[in-house]
Amino acid sequence: MAALPSSIHVHLLLPMYKDEPLSFNKPKFQYRAIVNKLDLAHKVVDEIPQPKAYAWNQLIQTHLSNNHPHNALSVYHGMMLRGIRPDHHTLPRVLTASRLCSNLAFGKQVHAHAFKFGFSSDLYVITALIELYGRLHAVETAKWVLDNAPTSNSVARTILAKLYLVDNKPHLAIEIFNQMLRLKADIDPVALVTAAGTCSLLKSLHQARKVHQIARECGLEFHLLVSNSLMKMYIDCDSLEEARSLFDAMPSRDLISWTEMIQGHVKNGGYNEALKLFRLMTKARIKPDSLTVTSILPACARVPAHKQGKELHAYLFRNGIDMNPTVQNAFMDMYVKSGFIELASNVFTSMVERDIISWTIMILGYSLHGQGAQGLGLFLEMEQDPSLEIDEFTYAAVLHACVTACRVDVGMSYFDRIKAPTVTHCVLMIALLARAGLFNDTRTFIKEHQIENKVEVLRALLDGCRIHQQVTMGKRIVEQLCELEPLNAENYVLLSNWYAENAKWDMVDKLKTTIKDMGLKPKRAYSWIEFRNKVHVFGTGDVSHPRSEMIHWKLQHLMKKMEGGGGDRPSSIFSFHDVDEERECILIGHCEMLAISFGLISTRERTTVRVTKNLRVCGSCHDFTKAISKIVQREIIIKDPNCFHHFKNGHCSCGDLW
């Protein structure tokens, strides 16, 4: 072995391959080039009179490890110029460097070198070639390499299957897996993970169960990587039960296992079960990361679950879990959707770094809570930051704020800035113009953008008709909705309500018969409120609650305190649920009133009462709640599908344009 320069210390001399023991008796003695000493390593190699491939391989690998693939190619080029013959470790690394540099031409030259130096049948070279061509040329070229290789193994086939997934061809990827089974090839965890990912894209429960069975037969069902992939596969194939069964059977679980299962329950609306899993995970002393937190927060983004959201926020602070912008955005979104706009604002204010998502959530949040003017002010502040690129979602949020604030001029100005307006942007403009009563401008806008037959547009226009009592126009819109969506029960309910409001009871009966004959099921109104970790649900005229007598007494007492017994009822023509059930029921029997009364008799004075309704707040209840908020000196918040109504001191945040 050639003498080494005296300046090289032993601590720089390490074996190149982890599976080869350090030996001073072999020429396979390597230099471990530390990142900040690469120049020295190059010098060492250059000073060796007849360096073998091992030293060059070390330099190539070091550059790859430090994400400098171009330098790796330069080392290989220098190696060729000095006439150093590469070995079977050299070419796969150089092919990897070519792929990372997107240098297909260089990769093809290395492919030729593989033939020249007799490495064309080396499995490592073959797999590197498959990945090179699959990533830079075409997956079919990669398949050609595999088909024409003198030998192959499961690794090569799995890589090809992965390439098919990247190319969005899952049906070909699963065929590769099935081919491996027919050839009785060794099935390793990576192959199973790839097959599970393929089933996820195919949404094929049949194939998913087959992959699971293969995992059992190979004894890899409870290999952690495989189990997690199988669990996700079942969730993606809409079989939460099988995913949960596997999760429960796993002898050991990591953070990914818990996060996947939590995500699955949230995806399927199982919010309470997701929260239960999160508590079990923390009891198992598994520390959540940002992905886990953002996965569970949608389960807290409901009025009844606000306590869990607050507890989770406190848990993160106590345990020093990273509050990066993604997590903070998720908390803001949770607070907005669960009715705590002030807490969302506190999170926003405390953020050191804000991205476009942060601003968008807060602008829309203010709008949903009836504070459109504040949302517009926030947008003006955001525009001062040149690093933020306003996207379609931010423009949608600011247009929503314009609708809430009823700022037509500002809304038109912002709409004109949007390069490619979407239907969502157009619907918001229709809502803005219709709410302002500018129906001629609305018709012109609809014609200009050719969106006459968009259901969302018609519903936004109908909202304006409800506010401004445009009864004739509203009826025409409802009839058009019935034509566009003949199987949507809500449209027939709208028409039935119109006839009921105009005392055309024969038509009401006829429409009810039509709805029944078509097998359609109109939505019924429900409201619910959380108290002591239990959700109490009320329907219209509900007397089933254990405290029903006290609930009705409280409402009657409040009614007596109101001059005129609550005032005239606003028109319910364009309600999306059958108003007959509310018409036939006295006001204090309406579901939101029952929920509010329960909140008043169950909580302390000055406590905010928070209610959720599945349909639009009843007009009479809206006015009654305003009066109640003044009488009892409490804030009452009702969340319906459109927005949050903050009732305080006889006023509502929606400005009565709900």
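Per-chain numbering applies: the sequence of each chain, read as written, is numbered from 1 onward. For a predicted model such as this one, the threshold for reporting local features is a pLDDT of at least 70, and the threshold for listing and counting side-chain atom pairs is 80 or more; totals across whole chains, interfaces and linings nevertheless cover every residue. Side-chain numbers here rest on the full set of heavy atoms in the structure, without hydrogens or water.

## Re the overall build of the protein chain
Point 1. The helix and strand tally for the protein chain stands at 33 helices and six strands.
Point 2. Note on contacts: a residue pair qualifies if any of its non-hydrogen atoms lie within 4.5 Å across the two residues. A separation of at least 24 residues holds for 63% of the contacts in the protein chain among residues at least 6 apart in sequence.
Point 3. Using a 1.4 Å probe, accessible areas were evaluated by the Shrake-Rupley method; residue-level cover was limited to the displayed protein chains. Here the protein chain displays about 31900 Å² of accessible surface, and carbon together with sulfur accounts for 52% of that area. Working definition: helices are DSSP H or I runs of at least four residues, strands are E runs of at least two. Numbering for both runs from the N terminus.

## Let's talk about the pattern of salt bridges
Point 1. Salt bridges are defined as contacts in which a side-chain nitrogen from Lys or Arg sits within 4 Å of a carboxyl oxygen from Asp or Glu. Counted according to the given criterion, the structure contains 20 salt bridges.
Point 2. When the shortest N-O distance is used, the salt bridge between Asp409 and Arg407 registers 3.5 Å.
Point 3. Here's how the labels work: a residue is buried when its accessible area is under 20% of the maximum for its type, exposed when over 50%, partly exposed in between, all with a 1.4 Å probe on protein chains only. We classify Asp409 as exposed; its relative accessible area is 51%.
Point 4. Taking the shortest distance from any N to any O, the salt bridge between Glu490 and Lys523 comes out at 3.2 Å. Taken as a pair, Glu490 in helix α28 (residues 489-501) and Lys523 in the loop between α29 (505-517) and β1 (526-531) lie far apart in primary sequence, 33 residues in all.
Point 5. By relative accessible area, which is 16% here, Glu490 ends up buried.
Point 6. Ionic contacts of the salt-bridge type, sharing partners, join the residues Arg435, Asp463, Arg466 and Arg616 into one network.

## Examining the sheet that holds strand β2 (residues 534-539)
Point 1. Should DSSP find at least two bridges between two strands, the strands are regarded as paired. As summarised here, the arrangement of the six strands in space is β2-β1-β3-β4-β5-β6, forming an open sheet in which the pairing is mixed. On the outer flanks of this sheet lie β2 and β6 (651-652), each paired with one strand and no other.
Point 2. Where strand β3 (residues 609-613) and strand β4 (residues 636-639) come together, four bridges link them in parallel fashion. Paired with Arg610 across the strands is Ile637, a residue of β4.

## Let's talk about the packing of helix α25 (residues 439-448) against helix α26 (residues 455-467)
Point 1. For helices, the fitted axis covers only the stretch in contact; all axes are lines through C-alpha atoms, and the angles between them, taken along N-to-C directions, range from 0 to 180 degrees. Running from amino to carboxyl end, α25 crosses α26 at an angle of 175°, the nearest separation of the two axes being 12 Å. Regarding the angle of α25 to α26, the classification is roughly antiparallel. Contacts between α25 and α26 involve Phe439, Thr442 and Ile446 from the first element and Val457, Leu461, Gly464 and Cys465 from the second.
Point 2. Looking at the contact of α25 with α26 residue by residue, the class counts come to five nonpolar, two polar and no charged. Working rule for angles: under 35 degrees goes down as roughly parallel, over 145 as roughly antiparallel, 65 to 115 as roughly perpendicular, anything else as oblique. Residues are sorted three ways: Asp, Glu, Lys and Arg are charged, Ala, Val, Leu, Ile, Met, Phe, Trp, Tyr, Cys and Pro are nonpolar, and all the rest, Gly among them, are polar.

## Things to note about a nonpolar patch on the surface
Point 1. Among the surface-exposed residues, Tyr526, Val535 and Val537 lie close enough to one another that they form a single nonpolar patch of about 250 Å² accessible area.
Point 2. Checked against the element boundaries, Tyr526 lands in strand β1. Only residues whose relative accessible area exceeds 30% and that form no salt bridge enter a patch; like-charged residues are grouped when within 9 Å of one another, and nonpolar side chains (Val, Leu, Ile, Met, Phe, Trp, Tyr) when within 5 Å.

## Some details on the layout of surface pockets
Point 1. Space inside and on the surface of the protein is sampled on a 1 Å grid over the protein atoms alone, with a cavity defined as a set of points where a 1.4 Å probe fits but cannot get out and a pocket as an open set with protein on both sides within 12 Å along at least 5 of 7 lines; lining residues have an atom within 4 Å of a point. Grid points are joined across faces, edges and corners, and a volume is the space filled by probe spheres set on the points. Space inside the second largest pocket adds up to approximately 420 Å³.
Point 2. Residue lining of the second largest pocket: 14 residues in total, with Pro92, Arg93, Thr96, Tyr124 and Thr127 positioned closest to the centre.
Point 3. At the level of elements, α2 (53-65), α4 (90-100) and α6 (123-136) are the ones that each hand at least two residues to the lining of the second largest pocket.
Point 4. Ranked by residues supplied to the lining of the second largest pocket, first place goes to α4 with five residues.
Point 5. Its residues assigned to classes, the lining of the second largest pocket comprises six nonpolar, five polar and three charged.

## Observations concerning the side chain of Asp87
Point 1. For Asp87, the location among the structural elements is in the loop between α3 (69-81) and α4.
Point 2. When charges are counted, neither His nor the chain ends are considered; positive counts come from Lys and Arg and negative counts from Asp and Glu. Of the buried charged residues, Asp87 lacks a salt bridge, with Arg93 as the closest side chain of opposite charge at 7.3 Å.
Point 3. Two N or O atoms form a polar contact when they lie within 3.5 Å of each other; inside protein one atom must be a possible hydrogen donor and the other a possible acceptor, and for residues adjacent in sequence the pair counts only when both atoms belong to side chains. Polar contacts involving the side chain of Asp87 include one to the side chain of Asn57, which spans 3.1 Å.
Point 4. Engagement of the side chain of Asp87 in a polar contact is seen with the backbone nitrogen of His89, the distance being 2.9 Å.
Point 5. With sequence-adjacent residues up to four places away left out, Asp87 is seen in contact with Ala53, Tyr54, Asn57 and Phe119.

## Here's the deal with the UniProt feature "repeat: PPR" (unreviewed entry) in the protein chain
Point 1. UniProt positions are given in the numbering used here, feature names are shortened, and annotations may be inferred rather than shown by experiment. In this numbering, the UniProt entry assigns the feature "repeat: PPR" (unreviewed entry) to residues 52-86 and 254-288.
Point 2. For residues 52-86, helix accounts for 74% and strand for 0%, while the C-alpha atoms at its two ends are 9 Å apart.
Point 3. Along residues 254-288, the helical share is 74% and the strand share 0%, with 10 Å between the first and last C-alpha atoms.

## Section: the environment of Gln207
Point 1. Of note, Gln207 is situated in helix α11 (residues 205-217).
Point 2. Since its relative accessible area comes to 17%, Gln207 is described here as buried.
Point 3. Residues Gln207 and Ile174, 33 residues apart in the sequence, show an inter-C-alpha distance of 8.6 Å.
Point 4. Leaving out residues up to four positions away in the same chain, Gln207 has contacts with Ile174, Asn178 and Cys199.

## Comments concerning helix α15 (residues 271-283)
Point 1. Here α15 is 13 residues long and its end C-alpha atoms lie 19 Å apart, about the 18 Å a rise of 1.5 Å per residue gives.
Point 2. Where α15 is buried, its residues meet α13 (240-249), α14 (255-267), α16 (290-300) and α17 (306-319).
Point 3. A positive phi of about 60° marks Arg285, the residue just after α15. Given the number of residues in a helix, its expected span is that number minus one, multiplied by 1.5 Å.

## What to know about the packing of aromatic side chains
Point 1. Each aromatic pair joins two rings of Phe, Tyr and Trp (for Trp, the six-membered one) with centres within 6.5 Å, and gets the label stacked for planes under 30 degrees apart, edge-to-face for over 60, and tilted for any other angle. By the definition in use, this model includes eleven aromatic pairs.
Point 2. Consider the rings of Phe247 and Trp258, whose centres lie 5.1 Å apart with planes at 80°: the pair is edge-to-face. With Phe247 in helix α13 and Trp258 in helix α14, the pair connects residues that are eleven residues apart, well separated along the chain.
Point 3. Judged by centre distance (5.4 Å) and plane angle (85°), the rings of Trp498 and Tyr499 are edge-to-face. When sorted by exposure, Trp498 lands in the same class as Tyr499, which is buried.
Point 4. Members of the aromatic cluster, connected to one another through ring pairs, are Phe379, Tyr395 and Tyr414.
Point 5. Sitting above the plane of the Phe340 ring, Arg610 keeps its charged end 3.7 Å from the centroid. A ring has a charge above it when a Lys NZ or an Arg CZ is no more than 6 Å from the ring centre and no more than 35 degrees off the ring normal.

## Focus: unusual backbone geometry
Point 1. Even without a glycine there, the phi angle at Asn168 is positive, about 55°.
Point 2. If you trace the backbone, Asn168 turns up in the loop between α8 (154-166) and α9 (170-182).
Point 3. Backbone geometry at Arg606 places phi at a positive 75°, although glycine is not the residue there.
Point 4. For Arg606, a relative accessible area of 61% translates into the label exposed.

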